[in-house]
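So the chains spell out like this:
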Amino acid sequence: MKATSEDKPHWVLILISKWMIIIGLILWSSRLQAQNFLNLSFEYASPRGFPLAWEVNEGKGAPSSIRVDSTQSFDGRKSLIFTAQQAPMLLAGLFFSVERLKGHTLTLTGQIKIDSLQDGEARWFHYDYGRRSFGFSDQAVTKTTNWQPFRYSFNVPEDAQGEGIVPGLKVNGTGKVYLDAVRVELDGQELLDTPPSLKPLSTKQQAWLNRTVVPLRSLDPNDPVDDLTVLKRHIGPSRLVGLGENSHGSGSLFQVKHRLIQYLVEKMGFTVIAMEAPAPEADLINRYVQGGEGSPAQVTQLLGFKSWQTKEVLSMIEWMRAYNQSHPDSPVEFRGFDLQSQEIPLQNLARYGEKNDSTLLELVNKVTATLRSKPLNDSLRTVAYQQVQVIIAHLKDQKQSSENKGILEQLQHDADILAQSIALPFLKNRREWMAQNIRWLVDQHPKNVRMVIWAANGHISKQGVNMGHYLHDWYGKEYFAIGSTFNQGTYSIYGSPGFFAVETPYPGTYEYLLNQCQYPDFILNLSAIQKQDEGHWIKQQLGFRFLETETQLNQFRSMSITEHFDALIHLRTSIRSTYINP
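A few points on the structure.

The rules behind each value
- Residues numbered from 1 in each chain as written.
- Predicted model: local features only at pLDDT ≥ 70, side-chain atom pairs only at ≥ 80, totals over all residues.
- Heavy atoms only, no water.
- Helix = DSSP H or I, 4+ residues; strand = E, 2+ residues; numbered from the N terminus.
- Expected span 1.5 Å × (residues − 1).
- Buried < 20%, exposed > 50% of the residue type's maximum accessible area, 1.4 Å probe, protein only.
- Phe/Tyr/Trp six-rings, centres within 6.5 Å; stacked < 30°, edge-to-face > 60°.
- Lys NZ or Arg CZ within 6 Å of the ring centre and 35° of its normal.
- Pairing = 2+ DSSP bridges.
- Core = buried A, V, L, I, M, F, W, Y, C linked by side-chain atoms within 4.5 Å.
- Salt bridge = Lys/Arg side-chain N within 4 Å of Asp/Glu carboxyl O.
- Contact = heavy atoms within 4.5 Å.

### Regarding helix α5 (residues 251-268)
Thought 1: The end-to-end C-alpha distance of α5, which contains 18 residues, comes to 25 Å, matching closely the 26 Å that a straight helix rising 1.5 Å per residue would cover.
Thought 2: Taking burial as the measure, the 18 residues of α5 include 15 buried ones, the bulk of the element.
Thought 3: One or two steps after α5, the chain reaches Gly 269, where phi turns positive at roughly 75°.

Pasting the structure below:
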């Protein structure tokens, strides 16, 4: 079958967007090796029936599913079953890094069986993250069939970019589709599918873990932080520290991050706390942190995302305010680097234009009028984006001769944020833009500034085309990434019932192994692990917990944590965050 590119209708892009985010932020360019666990015969599944090593998107709405099935198989004991009930799109695929595939031909072969598929089809696909495009097989299977072979090949260009390529099977309609006996070839050479590592830690490995971790005596930010002194040695001279989280809904992780921030500020001279929050809104929160302007209620509103509108995050901001009151000569700043903001940048630009620059005001009014158009489609967004580029050029010109260079620099940054926000739906460069916004923050401070960067694990990761990858590329060892996870408990979600229980870790996941440590809560320095250590197992590719802001059954994704983080926080139990306004 020949791969073809197709422009997909808008509804298809909406349906696959969640799946794209999952793979893009979770798998983070895991490297394909000559031998790897690929689970090509679907003999291995999580306790909830999801195929290990495969990524699935079951969509929303009708109760469709993708699970490992033991009633049908071509060989072995199991197969993968797509159970579609008026499904617009079900997707299952394997993730391969671009670096491994570019310039080569990837081929999938295997067996497929269809049981009464109505109003739909099964078709092979691959998704290229760098080009943000799909390729689909010419042939689709639409009718009831017994097991039959398939073959799908596609070329990956030499200049391919992005974090990876995902080949797999797409199913829509109503019915059942079975997949089994998959083989993967690279330039005609079969990639061996090795068994996964499902053993618990050996006695020696467990002893190594116990003596290597830094136990956390408390998660409470109000308790002493002397147990964190080893962080000075781990972080060293790094001046940018990424604090990640595997869930935006864990109050326990928020608390331990708050506690680490207190230590980094009080003992290591960090002065900027930058959060995955809209930058212009964060600037207003900083006025409260540094001068008491506003109120906690206003701060809560300005945090923007409900994930941050919690008692735990507000407690950290209140601590920053109290710290500045007692340390007026060395204040700490609260900043943001996310780009999902339009109203405040427009207000800031218009306010300055009204007082100082009629040309700027006219340009801002044009953008505002475009953004208020109904419906606001990508064509109009492109117009608005181009209009903002004119504003940015105008501000650059004004800086050359103005005495208000500092004010104009800030306004230009507001305009950059505005442009990023407008273009996000069609350019989708959020991770790179957030990295650029952090670099801008760094450039506004003295060269020795030390900054904490609070974001999701996927964003602080040093691999792929994640935000942390750019920071690692620009700053090298000056950037230190700390990921985090937990073994059990709950996390907050959007909508009813407001929280969800985490999936129990199973053999083949990092959490299953890390929970065998004698200490419930700890920090593990991944950057210091050597091959000869009994800790070499930490370098293998295993399931790692990733949680969204909604009910989620399949909670683990395959990766090698040492490729993404310099250190890892592990908590035995997560208690969900507490929304201020449920």
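### Focus: unusual backbone geometry
Thought 1: Of note, the bond from Lys 374 into Pro 375 is cis; its omega dihedral lies within 30 degrees of zero at -10°.
Thought 2: Of note, Pro 375 is situated in the loop between α10 (358-371) and α11 (378-401).
Thought 3: In this chain, Ser 496 is followed by Pro 497 through a cis amide linkage whose omega measures 5°.
Thought 4: As for its placement among the helices and strands, Pro 497 is situated in the loop between β17 (479-492) and β18 (499-501).
Thought 5: With a phi angle near 55°, Asn 39 is a residue other than glycine that sits in the positive phi range.

### So, the packing of aromatic side chains
Thought 1: Using the criterion set out here, one finds 19 aromatic pairs in the structure.
Thought 2: Ring geometry for Trp 124 versus Phe 150: centroids 3.7 Å apart, planes at 20°, classification stacked. Of this pair, Trp 124 sits in strand β6 (residues 105-128) while Phe 150 sits in strand β8 (residues 145-155), and the two are 26 residues apart along the sequence. By the burial criterion, Trp 124 is buried, and Phe 150 matches it.
Thought 3: Aromatic side chains Phe 125 and Phe 134 sit 5.9 Å apart centroid to centroid with 50° between the ring planes, which places their arrangement in the tilted category. Each member of the pair, Phe 125 as well as Phe 134, is classed as buried.
Thought 4: Here the aromatic cluster, defined as three or more aromatic residues joined through ring pairs, consists of Phe 125, Tyr 127, Phe 134 and Phe 136.
Thought 5: If you follow Lys 306 out to its NZ or CZ, it ends over the ring of Tyr 579, 4.5 Å from the centre.

### Side note on the pairing of β6
Thought 1: β6 sits mainly inside the fold: 19 of its 24 residues count as buried.
Thought 2: Hairpin connection, β6 to strand β7 (residues 133-141): the antiparallel pair is bridged by four residues, and Arg 132 has positive phi, about 55°.

### Comments concerning the environment of Leu 117
Thought 1: Looking at the secondary structure, you find Leu 117 in strand β6.
Thought 2: Overall, the relative accessible area of 7% leaves Leu 117 in the buried class.
Thought 3: Between the C-alpha atoms of Leu 117 and Pro 280, which are 163 residues apart in sequence, the distance is 50 Å.

### As for the nonpolar core
Thought 1: Counting residues in each nonpolar core, the largest one holds 53 residues, and the members touching the most others are Ile 261, Ile 317, Phe 334 and Ile 523.
Thought 2: A total of nine residues in this core trace back to one element, the largest contributor, which is α5.

### Regarding the pattern of salt bridges
Thought 1: Applying the stated criterion across every chain yields a total of 20 salt bridges.
Thought 2: One salt bridge in this structure joins Asp 226 and Arg 217, with 2.6 Å as the shortest N-O distance.
Thought 3: The salt bridge involving Arg 259 is made with Asp 227; its shortest N-O contact spans 2.6 Å. Of this pair, Arg 259 sits in helix α5 while Asp 227 sits in the loop between β12 (214-215) and α4 (231-235), placing them 32 residues apart in sequence.
Thought 4: Put simply, Glu 121, Arg 123 and Lys 170 are held in one network by salt bridges that share partners.

### Some words on the environment of Gly 164
Thought 1: Within the fold, Gly 164 resides in the loop between β8 and β9 (165-186).
Thought 2: Judged by relative accessible area, which is 0%, Gly 164 ranks as buried.

### Quick notes on helix α6 (residues 279-291)
Thought 1: Its 13 residues place the ends of α6 18 Å apart at the C-alpha level, agreeing with the 18 Å of an ideal helix rising 1.5 Å per residue.
Thought 2: Among all positions in α6, only Ala 279, Pro 280, Glu 281, Ala 282, Asp 283, Ile 285, Asn 286, Tyr 288 and Val 289 are buried.
Thought 3: Of the surrounding elements, those touching the buried residues of α6 are β14 (272-278), α7 (296-302), α8 (311-326), β15 (333-338), α9 (343-356) and α12 (405-427).
Thought 4: Backbone geometry just after α6 places Gly 292 at a positive phi near 80°.

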